[in-house]
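The chain contents come next:
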Amino acid sequence: MQAATGPQFLGDKLDAARFSTFVAEVLTTPAVRAQFRQALHDDRRALLQLLAAHEVPALAEWCHFAGGAISMLDQPYLTSLIQSFRDRLRAGDPAEARSAGEVLVVMYDHLVAA
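Quick summary incoming for the structure in this document. (Residues numbered from 1 in each chain as written. Predicted model: local features only at pLDDT ≥ 70, side-chain atom pairs only at ≥ 80, totals over all residues. Heavy atoms only, no water.)

**Quick word on the overall build of the protein**
Keep this limit in mind: Going along the chain from the N terminus, every DSSP run of H or I of four or more residues is numbered as a helix, and every run of E of two or more is numbered as a strand. Restricting the calculation to C-alpha atoms gives the radius of gyration, and the globule rule supplies 2.2 Å times the number of residues raised to the power 0.38. In what follows, a contact means two residues having at least one pair of non-hydrogen atoms within 4.5 Å. All accessibility values rest on the Shrake-Rupley procedure with a 1.4 Å probe; residue burial counts only the protein chains present in the view.
The helix and strand tally for the protein stands at five helices and zero strands. For the protein, the succession of helices and strands along the chain, N to C, is α-α-α-α-α. A compact globule built from 114 residues should have a C-alpha radius of gyration of about 13 Å, and the protein, at 14 Å, falls within 12% of that. If you line up the protein on its principal axes, its C-alpha atoms span 40 × 25 × 20 Å. Of the contacts formed within the protein by residues at least 6 apart in sequence, a portion of 66% connects residues at least 24 apart. Entry remark: accessible area of the protein is about 6400 Å², with carbon and sulfur atoms responsible for 57%.

Dropping the structure here:
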């Protein structure tokens, strides 16, 4: 899904210890973990729909909502990916925005699989 020369999701930039702490302290039961995964799926699906339509105002709103949720993970790298997407939306180049959005799709795939 990502262009070889464009932005890429780099899973090794995640702080595994912080992620493990989040899972242990916040996602304490199977039901809560399932709700968290569903929320990630929902955010990913919404992103894909908005990218397909290139609805810039709705994508900017999505960034605000998803950025707040992602910030709970306390992962500066993930927060920077959302910010990069937001910046590319503001720059007004649809191809650049789409490329950064595709990186977020891969990010969500990685998080759901974790």
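Moving on from the coordinates now.
**Overview of the pattern of salt bridges**
For the record, the criterion: Salt bridges, as used here, are contacts in which a Lys or Arg side-chain nitrogen is within 4 Å of a carboxyl oxygen on Asp or Glu. Relative accessible area decides the class of each residue, using a 1.4 Å probe on protein chains only: under 20% of the type maximum gives buried, over 50% gives exposed, and in between gives partly exposed.
This model, assessed by the stated rule, comprises six salt bridges. Where Arg18 meets Asp74, a salt bridge forms, and the shortest distance between an N and an O atom there is 3.6 Å. Note that Arg18 is positioned in helix α1 (residues 16-25) and Asp74 in the loop between α3 (56-71) and α4 (76-91), a separation of 56 residues in sequence. Judged by its relative accessible area of 44%, Asp74 is partly exposed. For Glu102, the salt bridge is made with Arg98, and the minimal N-O distance between the two is 3.4 Å. With Glu102 and Arg98 both in helix α5 (residues 94-113), this residue pair falls four residues apart, about one helical turn.

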